[in-house]
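Analysis of the macromolecular model
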Amino acid sequence: MIAEMADTLNFDTLVKEIEDLVKEKNCGPILIRLSWHDAGVFSSGALSGGCPNAAMRFTDAGEGTFGANAGLPTVALTLLKPVTEKYAETGFISHSDLWALSANVATKVMGGPDVPTRFGRPDAKDSSASVESQVGRLPDGDKGVVHLRDIFHPKGFDDKDIVALSGAHTVGKCHAERSGFEGAWTEDHLKFDNTYFTHLLSKKYEAETTAKGNPQLRCPVSGTMMLTTDMALLEDEAFKVHVERYAADQDAFFSDYVKAWVKLQENGCTDLREKL
Ligand code: HEM
């Protein structure tokens, strides 16, 4: 039965089903975050390993239980379930490749750049293939400049990459029940453009504490928010030059974002193929 079904599946229908899901459920941002946290645990510094492998789908231990991933194994994977059952559980595509492809299709649907997806990420067989902890691998939103470099440099990203990747916050929201932070970075949280950078430069933000006790910043006029890590991009000249460049030139943002994002999605992977 599964083998028969696999014969009828093809790449174009897979992409179309992801596009339809993103439009129908407005779930583009969380699909980007799913791929980012699958791949983002990678490090080649003192901590090593952590290539994208969809370990988050196991919730008995490991990545599926990390506080930083709250909402991903539950909300994101529930949304993706119909596509997962049809395409990943039949062996047509690996779970990790599906997460990478879904993020890239979502980016495009929301008006962002075309992102090429390569294939061949391996899937964890159980939670033991998870990295040991989120500490030192995934960033905390209440920290600053030093923390951003401590997290991203060992993954092979420079200051420009850190700024470009942070621009993904032009879409999506913080949810009190997931991260303890609250609100959206931009007024249209489903549009992938350079508004995150124009907001950083043009809006006045005031410090506040969320109901969950987390420190963040909010613009009282627009109601949009920023994390401490977002504001850190203005504090350091080596970051700020890129904020200014991306605010003035969306094409420059898209071009640098695609390079850094593809590197992130492929970090630690070997022998990836152009075609599924
Ligand atoms: C630079 C350090 C970063 C920090 C501290 C950070 C932190 C956070 C936090 C706290 C949330 C809210 C989660 C929730 O409550 O649902 C969030 C959401 C999000 N992040 Fe980041 N993030 C960072 C970098 C990135 C990167 C590199 C990407 C992708 C390239 C990304 C993409 C997203 C997206 C799309 C959302 C919205 C998710 C949704 O709407 O459900 N973030 N981030």
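Residues numbered from 1 in each chain as written. Predicted model: local features only at pLDDT ≥ 70, side-chain atom pairs only at ≥ 80, totals over all residues. Heavy atoms only, no water.

1. Quick notes on the coordination of the iron atom of the ligand
Formally: With water excluded from the atoms, a metal site may look incomplete; its donors are any N, O or S atoms within 2.8 Å, or within 3.2 Å for Na, K and Ca. The way it works is that DSSP assigns letters per residue, a run of H or I at least four long becomes a helix, a run of E at least two long becomes a strand, and they are numbered from the N terminus.
Just one protein atom coordinates the iron atom of the ligand, and that atom is His 169 (NE2), at 2.1 Å. With respect to the helices and strands, His 169 occurs in the loop between helix H7 (159-166) and strand S3 (173-174).

2. A few points about the packing of aromatic side chains
The criterion, for reference: Two rings from Phe, Tyr or Trp (for Trp, the six-membered ring) form a pair when their centres are within 6.5 Å of each other. A pair whose planes differ by under 30 degrees is stacked, one over 60 is edge-to-face, and the rest are tilted. Note on criteria: charge over ring means Lys NZ or Arg CZ within 6 Å of the ring centre, with the direction from the centre no more than 35 degrees off the ring normal.
Inspection of the entire model under this criterion finds 14 aromatic pairs. In this structure an aromatic cluster arises from ring pairing among Phe 192, Tyr 196, Phe 197, Tyr 246, Phe 253, Phe 254, Tyr 257 and Trp 261. In this structure, Arg 149 packs its charged tip against the face of Phe 239, placed 4.5 Å from the ring centre. When the ring centre of Phe 157 is taken as origin, the NZ or CZ atom of Lys 263, which lies over that ring, is 5.4 Å away.

3. Details of the nonpolar core
Just so we agree on the cut-off: Nonpolar core, defined: a set of buried Ala, Val, Leu, Ile, Met, Phe, Trp, Tyr and Cys residues in which side-chain atoms within 4.5 Å join the residues together. Exposed residues in this analysis have more than 50% of their type's maximum accessible area, buried residues have under 20%, and partly exposed residues fall in between, with area computed by a 1.4 Å probe over protein chains only. What counts as a domain boundary in this text is fixed by an automatic or database domain assignment. The contact criterion used throughout is that any non-hydrogen atoms of two residues lie within 4.5 Å.
Judged by nonpolar contacts, the single largest core of 77 residues is most densely connected at Leu 98, Leu 233 and Trp 261. Residues from two domains meet in this core; each of domain 1 (2-135) and domain 2 (145-256) gives at least three. Contact partners of Leu 98, with chain neighbours within four places excluded, come to Leu 14, Ile 18, Leu 80, Val 83, Thr 84, Ala 88 and Ile 93.

4. Section: the UniProt feature "domain: Plant heme peroxidase family profile" (unreviewed entry) in the protein chain
Heads up, the condition is: UniProt positions are given in the numbering used here, feature names are shortened, and annotations may be inferred rather than shown by experiment.
Under the UniProt annotation, the feature "domain: Plant heme peroxidase family profile" (unreviewed entry) is placed at residues 31-264. Measuring from the first to the last C-alpha atom of residues 31-264 gives 15 Å, for a span that is 43% helix and 8% strand.

5. Some words on the sheet that holds strand S7 (residues 225-226)
The cut-off we apply is this: At least two DSSP bridges between two strands are needed for those strands to be called paired.
The antiparallel open sheet is built from three strands, whose spatial order is S5-S6-S7. Of all strands in the sheet, those with a lone pairing partner are strand S5 (206-209) and S7, marking the two edges.

6. Concerning helix H4 (residues 72-88)
Heads up, the condition is: To estimate how far a helix should extend, the number of its residues minus one is multiplied by 1.5 Å. One fitted axis covers the seven residues ending at a residue, a second covers the seven starting there, and the bend at that residue is the angle between these axes.
For H4, built from 17 residues, the straight-helix expectation of 24 Å at 1.5 Å per residue is missed by more than 12%, its first-to-last C-alpha distance being only 17 Å. Roughly 60° is the biggest bend found in H4, and it falls at Lys 81, with proline Pro 82 one to four residues downstream. Of all the positions in H4, only Leu 72, Pro 73, Ala 76, Leu 77, Leu 80, Val 83, Thr 84, Tyr 87 and Ala 88 are classed as buried. Its buried side turned inward, H4 meets helix H2 (11-25), helix H3 (28-39) and helix H5 (95-109).

7. Notes on the layout of surface pockets
As a reminder, the rule being used: Only protein atoms enter the 1 Å grid, on which a cavity is a set of points fitting a 1.4 Å probe that cannot get out and a pocket is an open set with protein on both sides within 12 Å along at least 5 of 7 lines, lining residues being those with an atom within 4 Å of a point. Grid points are joined across faces, edges and corners, and a volume is the space filled by probe spheres set on the points. Basically, the charged four are Asp, Glu, Lys and Arg, the nonpolar ten are Ala, Val, Leu, Ile, Met, Phe, Trp, Tyr, Cys and Pro, and anything else, Gly included, counts as polar.
The space that makes up the largest pocket amounts to roughly 1,000 Å³. When residues of the lining of the largest pocket are traced back to their parent elements, those giving at least two are H3, H4, helix H6 (145-152), H7, S3, helix H9 (228-235) and helix H11 (250-266). Counting residues per element, the lining of the largest pocket draws most heavily on H3, at six residues. Looking at the lining of the largest pocket, its residues break down into 24 nonpolar, 14 polar and six charged. Viewed by domain, the lining of the largest pocket spans two of them, domain 1 (2-135) and domain 2 (145-256), each represented by three or more residues. For the second largest pocket, the calculated volume is near 150 Å³. Along the walls of the second largest pocket sit Val 15, Glu 19, Leu 101, Asn 104, Val 105, Lys 108, Val 109, Asp 114, Val 115 and Thr 117, which together make up its complete lining. For the lining of the second largest pocket, the secondary structure elements donating two or more residues are H2 and H5. No other element matches H5, which puts five residues into the lining of the second largest pocket. Residue composition of the lining of the second largest pocket, by class: five nonpolar, two polar and three charged.

8. What about helix H8 (residues 195-202)?
Note on helix geometry: an α-helix contains 3.6 residues per turn, so any two residues three or four positions apart are oriented the same way. Of the positions making up H8, those classed as buried are Thr 195, Tyr 196, Phe 197, His 199 and Leu 200. Buried residues along H8 sit in contact with H7, S7, H9, helix H10 (237-248) and H11.

9. A look at the environment of Val 22
Among the structural elements, Val 22 can be located in helix H2. Along the primary structure Val 22 and His 169 are separated by 147 residues, whereas in three dimensions their C-alpha atoms are 17 Å apart. Setting aside anything within four residues of it in sequence, one finds Val 22 in contact with Cys 27, Gly 28, Leu 31, Ala 106 and Val 109.

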